[in-house]
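Fold and contact review
Listed here are the chains, written in short residue letters.
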Amino acid sequence: MPHRGMPTVRSIGAKAIDNVLRLGYAARFIGLTLAHSGTSFARPGLIVRELYYTGVLSMIIILVSGLFVGMVLGLQGYQTLTTYGSESALGVLVALSLVRELGPVVSALLFASRAGSAMTAEIGLMKATEQLSAMEMMAVDPIARVVAPRFWAGVISMPLLAAMFSAMGIFGGYIVGVVLIGVDEGSFWSQMQSAVDVREDIVNGVIKSFVFGVAITWISLFEGYDAPPTAEGVSGATTRTVVTSSLAVLALDFILTSFMFSGA
Amino acid sequence: MGRSMLDLWVGIFVVAGIAALVILAFKVGNMSNFGGGDTYEINANFDNIGGLKPRAAIKSAGVVVGRVKSITFNNERFTAKVTMAIESGYKFPKDTTASILTAGLLGEQYIGLEGGGDDKMLKTGDSIRLTQSAVVLEKLISQFLFDKAAEGGTQKP
């Protein structure tokens, strides 16, 4: 063996090449998914079924955590604002932090661990039990029949879930701030309404959650489709889905925020 | 689970999501109190607008009557030209005074209108002639210090 002296360097190089190859495969995968989306729009029943598993089943965890995040924001915001005597700005603080950042980001993280991991495990197991190969044998394209409906269901449900999270969080902030602590109700809502802009804040939040939805479903579906067809391979792919999509969400959030809110 | 139950739940999910978006737009954002009603535009020139921003409130007697539409620099008079969109329901006489005020000590700035006694009303494109600039805190403090120093200088001898 001529290269025996440097196994570490060689393995780093091999890893790098492997990752670039996987990235190219992932790009080809999303292209194929988009190209084969026609079937799922011709048969909306496929998307509806997946919307149930990704959207409806994630609703409870999103609503409950939204409520608690909003309540914590109300408590912490009140503690800080009251030292400056401006606790009437509590509504602004709760609404802006939820609509701009916490709503899209936290619901995307929850969505990745609740729905994204399930998608990876399901598709990985379908591959391991050779269901995908069986479909190909029957001349059914697994990308059009299995992957594309899940992709669109994820992309549709993510902005809706983020909006529910924000609305629920503001309700939680209202309960703690106005009902329990006793901040003036009128200034809570009116200051919020004069500070939150529909296009600048709310639409930007929706755009963020849409981008996160694309990223998370793409990563989850690709990890499942690319998983080694063994029990170990599927479990590793599920873990990678959660880790990679969480990191992707946080990194994308920084990029999007610097584009959207830097010119204020 | 039957097909109809599935459809029902997904329907509930989509309706709840859209309802959340509508709540955010109308209850949290300011879509409901702005954008609907008709407005007319009037201008005012200020020597200094301080920290006034577009979309700031225009109040008269504490009631919001409109919003600042745009702020530009008037290069002929070297003043700031503020265009205000006032709701059509509110009329102001020609000799109205516009002043830039601050909500609280460090709060956001808004324009306050005070009606005069003229019997002609402002129309679209009209300008308010009587304006009062924003109070710039740094100027006020330096003026105060300067006055104090001048006082001290004259009293001593």
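For the structure given in this document, a descriptive report is provided here. Everything numeric in this text was worked out from a predicted model, so none of it was measured.

What follows concerns the overall build of chain A. Scanning chain A from terminus to terminus reveals nine helices and zero strands. The principal-axis extent of the C-alpha atoms belonging to chain A is close to 75 × 55 × 35 Å. The burial tally for chain A puts 46% of its 264 residues in the buried class. The long-range share in chain A, meaning contacts at least 24 apart out of those at least 6 apart in sequence, stands at 83%. Distance between charge centres in chain A, computed from 15 positive and 17 negative side chains, equals 12 Å.

Residues and elements named next belong to chain A. Positive phi outside glycine occurs at E130, with the angle close to 60°. By relative accessible area, which is 54% here, E130 ends up exposed. For A139, which is not a glycine, the phi torsion comes out positive at approximately 60°. Counting through the fold element by element, A139 comes out in the loop between α5 (131–137) and α6 (142–181). Taking the relative accessible area as the measure of exposure, A139 reaches 72% and is therefore exposed.

In this structure the tally under the stated criterion is one cavity of 30 Å³ or more. Estimates place the volume of the largest cavity at around 60 Å³. In this structure, the largest cavity is lined by V99, P104, P159, A162, A163, S166, I202, G205, V206 and S209 of chain A together with L24 of chain B. For the lining of the largest cavity, the secondary structure elements donating two or more residues are α4 (90–128), α6 and α8 (198–226) of chain A. For the lining of the largest cavity, the class distribution of residues is eight nonpolar, three polar and no charged.

With that settled, the discussion passes to the sheet that holds strand β3 (residues 63–74) of chain B. Strand-to-strand pairing in sheets goes through backbone hydrogen bonds, with the strands running parallel or antiparallel. All names here are of chain B. Read across the open sheet, the eight strands follow the order β7-β1-β4-β3-β2-β6-β5-β8; overall the sheet is mixed. Of all the strands in the sheet, just β7 (127–128) and β8 (130–132) have a single pairing partner and so form its edges. Relative to β7, strand β1 (residues 39–46) runs parallel, the two being bridged by two bridges. When the sheet's bridge partners are listed, A44 is paired in β7 with I128.

Looking now at the packing of aromatic side chains. Tallied over the entire structure, the rule returns ten aromatic pairs over all chains. Relative to F222 of chain A, the ring of Y25 of chain A lies with its centre 5.4 Å away and its plane at 75°, an arrangement referred to as edge-to-face. With a gap of 197 residues between them, Y25 of chain A in helix α1 (residues 7–35) and F222 of chain A in helix α8 connect regions that are remote in the sequence. What links up through ring pairs into an aromatic cluster is the set Y25, F29, F222 and Y225 of chain A. In this structure, K27 of chain B packs its charged tip against the face of W189 of chain A, placed 4.5 Å from the ring centre.

A word on the environment of E200 of chain A. Residues and elements named next belong to chain A. Tracing the sequence through the fold places E200 in helix α8. Given the relative accessible area of 32%, E200 is considered partly exposed. Sequence separation of E200 and G66 is 134 residues, and the distance between their C-alpha atoms is 22 Å.

Rules of the game
Residues numbered from 1 in each chain as written. Chains lettered and ligands numbered in written order. Predicted model: local features only at pLDDT ≥ 70, side-chain atom pairs only at ≥ 80, totals over all residues. Heavy atoms only, no water. Helix = DSSP H or I, 4+ residues; strand = E, 2+ residues; numbered from the N terminus. Buried < 20%, exposed > 50% of the residue type's maximum accessible area, 1.4 Å probe, protein only. Contact = heavy atoms within 4.5 Å. Lys, Arg positive; Asp, Glu negative; His and termini not counted. Charge placed at Lys NZ, Arg CZ, Asp CG, Glu CD. 1 Å grid on protein atoms, 1.4 Å probe; cavity = no way out; pocket = protein on both sides within 12 Å on 5 of 7 lines; lining within 4 Å. Points joined across faces, edges and corners; volume = space filled by probe spheres on them. Nonpolar A, V, L, I, M, F, W, Y, C, P; charged D, E, K, R; others polar. Pairing = 2+ DSSP bridges. Phe/Tyr/Trp six-rings, centres within 6.5 Å; stacked < 30°, edge-to-face > 60°. Lys NZ or Arg CZ within 6 Å of the ring centre and 35° of its normal.

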